[in-house]
Every structure is written in structure tokens, then in C-alpha cells.
Amino acid sequence: MSDTLSFKGRVVIVTGAGGGLGKVYALEFAKRGAKVVVNDLGGTLGGAGSDSKAADVVVEQIKREYNGEAVANYDSVNGANAANIVKTAVDAFGRVDVLVNNAGILRDASFAKMDAQQFASVVDVHLNGAYKLTKAAWPYMRDQKFGRIINTASPAGLFGNFGQANYAAAKMGLVGLAETLAKEGYKYNILVNSIAPLARSRMTENVLPPHILKELGPEKIAPLVLYLTHESTKVTNSIFELAAGYYGQTRWERSAGQIFNPNEKSFTPESILNKWDSITDFKDKPFNKVEHPSQLADYNTLTAKAKQL
Ligand code: NAD
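Residues numbered from 1 in each chain as written. Predicted model: local features only at pLDDT ≥ 70, side-chain atom pairs only at ≥ 80, totals over all residues.

**Quick notes on the overall build of the chain**
- When helices and strands are counted, the chain shows 11 helices and eight strands.
- Computed over the C-alpha atoms, the radius of gyration of the chain is 22 Å, within 12% of the 19 Å expected from 2.2 N^0.38 for a compact globule of 309 residues.
- Burial analysis of the chain (309 residues in total) assigns 40% to the buried set.
- The long-range share in the chain, meaning contacts at least 24 apart out of those at least 6 apart in sequence, stands at 67%. (Helix = DSSP H or I, 4+ residues; strand = E, 2+ residues; numbered from the N terminus. Rg over C-alpha atoms; globule rule 2.2 N^0.38 Å. Buried ≥ 20, exposed ≤ 12 C-beta atoms within 10 Å, placed from the backbone. Contact = placed C-beta atoms within 7 Å.)

**Regarding the UniProt feature "domain: Ketoreductase" (unreviewed entry) in the chain**
- Per the UniProt entry, the sites bearing "domain: Ketoreductase" (unreviewed entry) are residues 10–201 in this numbering.
- Across residues 10–201 one finds 48% helix and 17% strand; the C-alpha atoms that close the span lie 27 Å apart. (UniProt positions renumbered as here; feature names shortened; annotations may be inferred.)

**What to know about the site of the ligand**
- Taken together, 33 residues are adjacent to the ligand, and Gly16, Gly20, Gly104, Ser154 and Ser201 come closest.
- Taken together, the elements giving at least two residues each to the shell around the ligand come down to helix H1 (20–31), helix H4 (116–144) and strand S6 (190–198).
- The dominant element in the shell around the ligand, judged by the number of residues it contributes, is H1, at three residues.
- Tallied by class, the residues present in the shell around the ligand amount to 12 nonpolar, 19 polar and two charged. (Near = placed C-beta within 6 Å. Nonpolar A, V, L, I, M, F, W, Y, C, P; charged D, E, K, R; others polar.)

**Observations concerning H4**
- Its 29 residues place the ends of H4 41 Å apart at the C-alpha level, agreeing with the 42 Å of an ideal helix rising 1.5 Å per residue.
- Of the residues one or two after H4, Lys145 is the one with positive phi, at around 50 degrees. (Expected span 1.5 Å × (residues − 1).)

**A word on the pairing of S6**
- Across the nine residues that make up S6, a large majority, nine, are buried.
- Side chains of S6 alternate between two faces, with Ile190, Val192, Ser194, Ala196 and Leu198 and Leu191, Asn193, Ile195 and Pro197 buried alike.
- Bridging between strand S5 (residues 147–152) and S6 involves six bridges; their strand directions are parallel. Within S6, the position partnered with Thr152 by the bridge is Ile195.
- The sheet contact formed by S6 and strand S7 (residues 239–243) spans five bridges and is parallel. Counted as the bridge partner of Pro197 is Leu242 from S7. (Pairing = 2+ DSSP bridges.)

Printed below as a string of C-alpha cells:
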């Protein structure tokens with residue numbers, strides 16, 4: 001029997017915690033003793049309007065059901081007052097240990113019909129929102145040499161999805177942001193990961209069939225978020241896909257590739273054409289292995305390999 005993963009004494013910010021996945025995270029953190037900042041603008045799925053009720057309801061539930069500690073914050077993650085969300089945590093609880101960048105909106109349209117505003121506004125909420133929150137929390141996490149950050153990506157970002165160019169661009173941006181923060185934060189014990197979930201919420205209830213939605217409870221996503229943000233975890237710089245009780249890791253794969261002899265005739269489009277099957281072959285070769293790179297420095301290996309010839 002493993003230990004209970006307690007969050008007692010930890011201060012957690014969950015953005016967009018007034019509904020959907022964020023609400024489940026906030027409740028679960030509180031249940032395990034965390035002091036929680038429940039941030040939510042309370043707008044529509046498309047990001048219009050605002051309502052303080054969304055965050056208030058979750059704070060009340062935390063206090064009533066778990067006798068927990070929580071404060072509401074209604075600022076927009078990408079607005080001028082975004083840093084105020086972190087200030088709310090510090091003012092109320094004295095620190096910030098965990099940041100779950102979860103807030104998001106949808107403005108789907110095929111790329112041909114997507115205007116500049118539709119594109120920019122979605123990137124702004126997801127990506128710039130995560131940037132602003134992390135930027136405000138980062139100095140506290142560095143000073144205390146402890147931090148855990150989750151960026152919420154999406155399968156739509158990892159693989160692309162029809163009608164979601166704005167959303168996919170933002171979500172893949174969040175992966176790149178997390179991968180860099182993981183490297184810069186490591187020596188300060190700030191660990192950063194991305195999740196790509198699929199869950200029942202207002203984002204999916206009109207696009208997926210009921211029998212699938214039935215399996216996609218958001219309570220199946222929270223356990224990994226809590227595991228990754230617990231003080232005992234060592235995991236960083238990783239991407240996880242999860243849905244309906246499936247939990248798995250997704251990583252980069254680089255083909256063994258083809259090394260060309262360094263002479264003038266090698267570096268032509270025709271030689272690329274001739275060796276295309278070999279360049280894109282994902283099987284190990286005698287002197288060249290398929291790799292799963294997780295940092296830029298791996299290119300040293302690549303250069304060294306090319307020099308073997
Ligand atoms: P949701 O709409 O229920 O939750 C998003 C929350 O963010 C809402 O409560 C909303 O009010 C809040 N929000 C929106 N803009 C905000 C802003 N500017 N400032 C503060 N709060 C804001 O949807 P959800 O499915 O729970 O989504 C949570 C996250 O998970 C999102 O980032 C979403 O893109 C991501 N995601 C969800 C799924 C899924 O299947 N549901 C799949 C992949 C990724």
C-alpha cells in the first residue's frame with residue numbers, strides 16, 4: 001500500500017477552475033489539504049462576458065464539503081490584471097507551490113473561415129495566459145526552490161484537428177513553453193509537464209457522441225495532475241495523454257535517418273529523393289539508432305554521427 005499523496009501546506013492555483021476539468025482539480029487538491037486559489041473569469045465557451053459566480057461556487061463547495069481553504073479570483077488569465085491571480089495566492093496564503101494552467105476557450109472554424117481575431121484571441125487566452133501566470137509565479141517558485149507547473153495542451157495541438165488551427169497552435173505552444181521551463185526550472189526544483197486530456201465538459205459535450213462522453217469523466221484526469229504536482233514527483237519535461245481511464249506518455253521520435261557522404265553530389269534534391277525511404281525509416285540501422293530526443297543538446301550526437309563517415 002503506497003503513501004497517501006497529501007498537499008497539506010501547499011498553495012495551489014488552478015486557472016479556469018470554475019467549471020469542467022479545473023473545478024475537479026480544485027476540489028481534489030482541497031480534499032488533500034491544499035490551499036487553493038480558484039480562478040475563473042466565468043465567461044462563455046467562446047470567451048464572452050464574465051461572472052464571479054463560477055469561482056465562488058467552487059470556493060463555497062471546498063469550504064462546505066472539505067472544510068478546506070480556498071479563495072476566489074475572477075481575473076482573466078490574459079488580461080492586464082493576470083498577475084493579480086498569483087498575488088491573490090501570496091496575499092491569502094503566503095506562497096505559491098503549484099500552478100495549473102488550465103483556463104481556455106474555443107473559437108473553432110476551418111482555417112479558410114478563421115479571421116485574425118478568432119486566431120489571436122484563442123492563442124491569447126491559452127498561451128499568453130499561461131505565460132502571464134507563470135511569469136508572475138516563477139520568482140516565488142525560484143526563491144523557495146520548489147514549484148510544480150502543469151500546462152494544459154491537447155491532442156488537437158499534438159496532432160492537429162480540423163477547424164482548430166488557433167487552438168492547436170496555442171496548445172502546441174504550451175508544450176514548447178513547458179519544455180523550456182522544465183529546463184530552466186530544474187535546478188530550482190521547479191518541475192513542468194504538459195497534459196493532453198480528453199474529458200467531458202462544455203468543450204466536448206456538443207462534439208462527441210453520448211456513449212463516448214459517458215466514459216470521459218473529468219475525475220479520470222485529476223489523478224495524473226495531482227501526481228505530477230506532488231512534492232514527491234521527479235517527473236519533468238514530459239507530455240502525457242489521458243482519457244477515460246487511459247494514462248500514457250507521448251514523446252518525440254527521430255528516425256535513424258540517412259547520412260550522406262560529404263561531396264558535392266550528395267547535397268541535391270535528387271539525392272534526397274533517392275534516399276527518401278531511408279531518411280524516413282523508423283527502424284534502427286547498424287550505426288544509427290532511432291532516438292527519442294528530449295533536449296537540443298542531442299544534436300551533438302547527430303553531428304557526431306554524420307562525422308563517422
Ligand atoms: P471548460 O470550458 O469547462 O473550462 C475552461 C474554464 O476556463 C471555464 O470555466 C472558463 O470560464 C475559464 N476561462 C476561460 N477563459 C478564461 C480567462 N481568460 N481567464 C480565466 N478563466 C477563463 O473546459 P474544460 O474542458 O474543462 O477545459 C479545461 C482545459 O482543458 C482547457 O485548457 C482546454 O483547452 C483543455 N482541454 C480540454 C479537453 C477536453 O476534452 N475537455 C481536451 C483537451 C484540452
